[in-house]
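Next come the chains, spelled out residue by residue.
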Amino acid sequence: MKKRTLLLSCLAIVLAGCKPSAEKAAETPAAQPAAKSGKPQVLVANYPLQYFAQRLAGDAVEVRFLAPKDEDPAFWQPDEAAITAFQNADLILMNGAGYSKWADKITLPESKVVDTSAAFANNFIEVRDATTHSHGPGGEHSHNGTAFTTWIDFKQASLQAQAVGDALAKLVPAAKDSISKNTEALKDELEALDGRMSTLSRRLVQYPLVASHPVYHYLGRRYALNVKSVLWEPDAVLDATALRDLNGVLAGHRARWMIWEGEPSNENVDKLAALGLHSVVFDPCGNVPASGDFMTVMKANVEAMEKAFQ
């Protein structure tokens, strides 16, 4: 009997040593904010959806966007803690259009997932023969498949905002009226941007353009841009290979303007100017901007285009 008692005591000690402490569990970054606020947790796939949700629901929910600031959220690979946060969320706002590659490999609670681009899924653009390349911490990737930067067609962005508003109103019925009011205000701003770009498109149609990265498919379709893309980053020095690739594009596409995702270096601007190319920035804003917010960035994009092509 004494031997059995001793054996059980030792087993209890071993099991206690193997069990993670409550203190350690609380240290998990993805779990910590949920325990603090007590508000419904809304997890989002990218920064535009974070902006939409925060603007529409205000303090009624806690909106969480977990991708690091130095990564493209479309190619981000969440760690175990981030995946757990998504699975435990009260609402999951996805961009759709094949945006979150990681979501195909895990199970998310279907009743909590909202595909914000479902309303225009029949009009997705399919990309073929895209080159595999790498930039940032995300490693190699390709833009083959469904074009996913849906929100830079401002008409589509308005539909995504409506989908976010509808989902939030169901999640927090007590805030339904304010969410509805905020949704209409946001849609009005997006549709105003759409109107400005549509007016500008009458002039843009006569200008062949080159884009620094293949993310402008929906912008090009909506606003009649004659655009072809290379695979550059704004802060990467344009070497002989990059300039050779550009000259190959320009041989059959006499562009005079390059659209950049971010502010290019002065060196790159000068190299393009030597080839007769001007530079203009249209930031897709998939991740948190260094300053301002989604709407200020989009307004700056449209103003830059209007100034360039006045």
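Predicted model, so just to flag it, every value in this text is computed and none were measured.

### Here's the deal with the overall build of the protein chain
- What the protein chain contains, in helices and strands, is eleven helices and twelve strands.
- Considering only intrachain contacts with a sequence separation of at least 6, the fraction spanning at least 24 residues in the protein chain is 61%.

### A short note on the sheet that holds strand β2 (residues 62–64)
- The four strands lie next to each other as β2-β1-β3-β4, forming an open sheet whose pairing is parallel. The two strands at the open ends of the sheet, each matched to only one other strand, are β2 and β4 (113–115). Across the sheet, the mean angle from the axis of one strand to that of its neighbour is 20°, orientation sign disregarded.
- Here strand β1 (residues 41–44) runs beside β2; their pairing, made up of three bridges, is parallel. Counted as the bridge partner of V42 is V63 from β2.
- Relative to the sheet, helix α6 (residues 154–171) contacts β1, β3 (91–94) and β4, its axis offset from that of β3 by approximately 175°.

### Re the side chain of N287
- Mapped onto the fold, N287 is located in the loop between β12 (278–281) and α11 (294–308).
- Among the polar contacts made by the side chain of N287, one reaches the main-chain carbonyl oxygen of P68 at a distance of 2.8 Å.
- One polar contact links the side chain of N287 to the main-chain carbonyl oxygen of E71, over a distance of 2.7 Å.
- Beyond its immediate chain neighbours, meaning those up to four positions away, N287 contacts Y47, F65, P68, K69, E71 and P73.

### Examining the pairing of β12
- Pairing of strand β11 (residues 257–260) with β12 involves four bridges; the strand directions are parallel. Pairing of I259 across the sheet is with V280, part of β12.

### Describing the confidence of the model for the protein chain
- Overall, the prediction assigns the protein chain a mean pLDDT of 86, with 83% of residues at 70 or greater.
- Counted against residues more than four places away or in other chains, residues 1–35, with its pLDDT under 50, gives twelve contacts.
- The model gives residues 138–143 a pLDDT under 50, and that stretch makes 23 contacts with residues more than four places away or in other chains.

Cut-offs applied
Residues numbered from 1 in each chain as written. Predicted model: local features only at pLDDT ≥ 70, side-chain atom pairs only at ≥ 80, totals over all residues. Heavy atoms only, no water. Helix = DSSP H or I, 4+ residues; strand = E, 2+ residues; numbered from the N terminus. Contact = heavy atoms within 4.5 Å. Pairing = 2+ DSSP bridges. Axes fitted to C-alpha atoms, helices over the stretch in contact; angles between N-to-C directions. Polar contact = N/O pair within 3.5 Å; in protein donor to acceptor, adjacent residues only side chain to side chain. pLDDT = per-residue confidence, 0-100.

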